[in-house]
Amino acid sequence: MKTGKIFYTILNTRIGRLGIIWRKERSVIKILEIILPRLLIYSIRKDYSGILPGKNKIVEKIAKKIKTYIGGKELRFNLKYLDLSRLGRFQRKVLMLVYKIPKGKVKTYGEIARQLRIPKGARAVGQALAKNPFPIIIPCHRVIKSDGSLGGFKGNPELKKKLLESEMLDISVIFQ
């Protein structure tokens with residue numbers, strides 16, 4: 001990981017408290033991770049020793065956009081603020097494809113794998129998404145199983161369902 005102090009910002013949303021883990025190097029802000037409600041305090045303590053609470057105008061704007069998005073508005077996030085350096089090549093490819101899935105649409109793990117020209121790579125896609133450090137910004141909740149079931153989501157499929165419903169998707173009719 002690069003040098004520089006690591007900070008966190010907590011925001012209250014209608015799906016629970018989220019954490020934004022970030023660092024500032026010189027004048028550059030990089031988001032390291034978005035932590036979902038169920039994992040918030042545990043992850044901050046376990047993964048980021050010495051982390052400090054922090055405030056920053058750019059991070060505050062990103063937090064506001066996340067709240068607005070969770071409130072049901074479609075927003076595109078600027079990826080230049082994400083620290084993609086910790087991602088492997090395959091995971092980066094998967095996340096960039098998933099980033100392009102528009103609000104109100106879903107794709108299956110298999111569809112993503114076929115787009116990457118890995119016809120039997122659905123499981124690998126699922127594993128890459130399970131380690132998505134930027135949920136919400138990179139909407140991995142829009143990827144579901146081929147049978148129409150939701151699949152995993154950071155150990156909280158109910159949260160995945162809430163996010164899809166916040167996009168006005170009736171998940172009971174996705175495949176009808």
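So, here's what we can say about the structure. (Residues numbered from 1 in each chain as written. Predicted model: local features only at pLDDT ≥ 70, side-chain atom pairs only at ≥ 80, totals over all residues. Heavy atoms only, no water.)

We now examine the overall build of the protein chain. A count of helices and strands for the protein chain gives six helices and six strands. Counting from the amino terminus, the protein chain carries its helices and strands in the arrangement β-β-β-α-β-α-α-β-α-α-β-α. A total of 176 residues make up the protein chain; the buried ones form 45% of that total. Contacts in the protein chain between residues far apart in sequence, at least 24 positions, make up 58% of those at least 6 positions apart. Taken as a whole, the protein chain presents about 9700 Å² of accessible surface, with 52% of it coming from carbon and sulfur. (Helix = DSSP H or I, 4+ residues; strand = E, 2+ residues; numbered from the N terminus. Buried < 20%, exposed > 50% of the residue type's maximum accessible area, 1.4 Å probe, protein only. Contact = heavy atoms within 4.5 Å. Areas by Shrake-Rupley, 256 points an atom, 1.4 Å probe, with all protein chains shown as cover.)

The next subject is the packing of aromatic side chains. For the coordinates displayed, the defined rule picks out two aromatic pairs. When the centroid spacing of 4.8 Å and the interplanar angle of 25 degrees are considered together, the rings of Phe 7 and Trp 22 count as stacked. Taken together, the positions of Phe 7 in strand 1 (residues 6-13) and Trp 22 in strand 2 (residues 16-25) put the pair 15 residues apart, joining distant regions of the chain. For the pair shown, Phe 7 and Trp 22 are each scored as buried. Ring centres of Tyr 69 and Phe 77 lie 6.4 Å apart, and the angle between their planes is 65 degrees; on these two criteria the pair is classed as edge-to-face. When sorted by exposure, Tyr 69 lands in the same class as Phe 77, which is buried. Sitting over the ring of Tyr 99, Arg 76 keeps its end group 4.4 Å from the ring centre. (Phe/Tyr/Trp six-rings, centres within 6.5 Å; stacked < 30°, edge-to-face > 60°. Lys NZ or Arg CZ within 6 Å of the ring centre and 35° of its normal.)

Let's shift gears to the pairing of strand 3 (residues 28-35). Among the eight residues of strand 3, six are classified as buried, and the element is accordingly described as predominantly covered. What sits between strand 2 and strand 3 in their antiparallel hairpin is a turn of two residues, with Arg 26 showing a positive phi close to 55 degrees. (Pairing = 2+ DSSP bridges.)

Another point: the nonpolar core. If you look at the biggest cluster of nonpolar residues, it comprises 42 residues, and the most contacted ones within it are Ile 20, Ile 31, Ile 66, Val 98, Leu 129 and Ile 137. Looking at which element gives the most residues to this core, the answer is helix 2 (residues 57-70), with six residues. If we ignore the near neighbours within four places in the chain, the residues touching Val 98 are Ile 112, Leu 129, Ile 138, Pro 139, Cys 140 and Val 143. Counting residues in hydrophobic clusters, the runner-up holds seven residues, among them Leu 32, Ile 35, Tyr 48 and Ile 51. (Core = buried A, V, L, I, M, F, W, Y, C linked by side-chain atoms within 4.5 Å.)

Now for the sheet that holds strand 3. Sheet strands associate in pairs through backbone hydrogen bonding, adopting either a parallel or an antiparallel arrangement. Ordered in space as 3-2-1-4, the four strands form an open sheet in which the pairing is mixed. Two strands in the sheet have a free side with no partner beyond their single neighbour: strand 3 and strand 4 (52-53). Relative to strand 3, strand 2 runs antiparallel, the two being bridged by seven bridges. When the sheet's bridge partners are listed, Trp 22 is paired in strand 3 with Ile 31. In this fold helix 2 packs onto strand 1, strand 2 and strand 3, with an angle of close to 30 degrees to the strand it touches most, strand 1. (Axes fitted to C-alpha atoms, helices over the stretch in contact; angles between N-to-C directions.)

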